[in-house]
Amino acid sequence: MDATQGDLSQASSDLPGQLVLVLQGGGAIGAYQAGVYQALQEAGLEPDWIIGTSIGAINASLIAGNEPEDRLTKLRTFWSRIERKAIWNLPTGLPDLDAKIASWATLAGGIPGFFRPNPLARAGDFYPLGADNAGFYSTAPLQDTLDELVDFSLANRCKPRLTVGAAQVRTSEMHYFDSRDSELAVKHIMASGALPPAFPAIRIDGELYWDGGILSNTPTEVVFEDNPRKNSLIFAVHLWNPIGHEPTTMSEVFNRYKDVQYSSRIASQIARHQQSHRLRHVIDQLASRLSEGERADPAVRELIAYGCRTRMHVVRLLAPRLDHETHTKDIDFSAKGIMQRWDLGYADTKAVLERAPWRDEFDPLKGVILHD
């Protein structure tokens, strides 16, 4: 172990609670999350709980569904397998054209090991594909890849606990499949990543599910509403930028539109949960001022149950923009794009671990502390 790794391990040895990894959806940008995990593992940290949506669910399953010593290898195998090979090497003065050709190739031919075109989807908008096949692509290759790389008997041990979000097609409600409550299988990961209209919905127990990102792309609320609540250090890994410049070209409009659509409402979520968590802490402190006889009253006991003392630290990691990035960044499966995003996730996480901002004094009345 070198000096830097030693410093990281020392800085991260006294976490303020369970380590939770929340992974947003975002297609190819998800390579950033793999870099985040690499830095955590090198610091001697393994998550106690991983919550993922879409590509975040896929990365989460690769971690939870393997032994610690194999997790990084399986992540690398997955990302190298879905890497789009260059058609030809264009001059460096044409990076925009190179990116466009790569995205066109992905749209036309899919990604080996991930998805392939569904020819019948081109037969017309009213062609009867059937509910289980209604998508421009088939994700059967992804199922084969996950069957090979993920051991769901390990994922269901809850070491770490695995939770993936999916949107129920019939009711428009978010549903979280949790290894603590029931056994997860490849279909649950597939459902979390079934983004319409590209991918068909996945049927589970008679119901169809789409990508959870269309309802909540950063499912941090699962941690705050968990029962029983636990002190937590939450690494919320964001792939879409909530803050951006005013677009002046159509390319910038499309890019910003996707950021707005999928960046989720993490800031408002945190503010809301800071409020509710503060109230829980206030209830707990008020209860401590009551006499033992007053606390024994059944009506009072019921009210006291709404209080809690848990402390939540949320560390937000945001995948930075790459040079020449466009609205097709989520299908940029080029070797260069994957490598850049992986390396950025690794570097950003190492920097956070070195700072260890959760060691700052904690205000018990706030309940939730946000670290950027």
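Residues numbered from 1 in each chain as written. Predicted model: local features only at pLDDT ≥ 70, side-chain atom pairs only at ≥ 80, totals over all residues. Heavy atoms only, no water.

Asker: Describe in detail the packing of helix H3 (residues 55-64) against helix H4 (residues 68-81), supporting the description with residues and values.
Answerer: Put simply, H3 and H4 touch, their axes get as near as 8 Å, and they point 140° apart. In terms of orientation, H3 and H4 fall into the oblique class. Residue-level inspection shows Ile-55, Ile-58, Asn-59, Leu-62 and Ile-63 of H3 in contact with H4, the latter providing Arg-71, Lys-74, Leu-75, Phe-78 and Trp-79. Looking at side-chain class alone, the contact of H3 with H4 contains 7 nonpolar, 1 polar and 2 charged residues. (Axes fitted to C-alpha atoms, helices over the stretch in contact; angles between N-to-C directions. Helix = DSSP H or I, 4+ residues; strand = E, 2+ residues; numbered from the N terminus. Parallel < 35°, antiparallel > 145°, perpendicular 65-115°, else oblique. Contact = heavy atoms within 4.5 Å. Nonpolar A, V, L, I, M, F, W, Y, C, P; charged D, E, K, R; others polar.)

Asker: Would you mind going over the pairing of strand E9 (residues 232-238) in detail, with residue names and values included?
Answerer: Among the 7 residues that make up E9, 7 are buried, leaving the element largely enclosed by the rest of the structure. Across the two faces of E9 the burial is the same, with Ser-232, Ile-234, Ala-236 and His-238 and Leu-233, Phe-235 and Val-237 all buried. Relative to E9, strand E1 (residues 18-23) runs parallel, the two being bridged by 6 bridges. Counterpart to Leu-23 in the pairing with E9 is Val-237. One ladder, built from 7 bridges, connects E9 with strand E10 (residues 312-318); its direction is parallel. Residue Ala-236 lies in a different strand from E10, and its bridge partner there is Arg-316. (Buried < 20%, exposed > 50% of the residue type's maximum accessible area, 1.4 Å probe, protein only. Pairing = 2+ DSSP bridges.)

Asker: Could you give an account of the pairing of E1, naming the residues involved and the relevant values?
Answerer: E1 sits mainly inside the fold: 6 of its 6 residues count as buried. Judged by which residues are buried, E1 turns out to be covered on both faces: Gln-18, Val-20 and Val-22 on one side and Leu-19, Leu-21 and Leu-23 on the other are all buried. Strand direction decides the pairing type here: E1 and strand E2 (residues 49-52), joined by 4 bridges, are parallel. Paired with Val-22 across the strands is Ile-51, a residue of E2.

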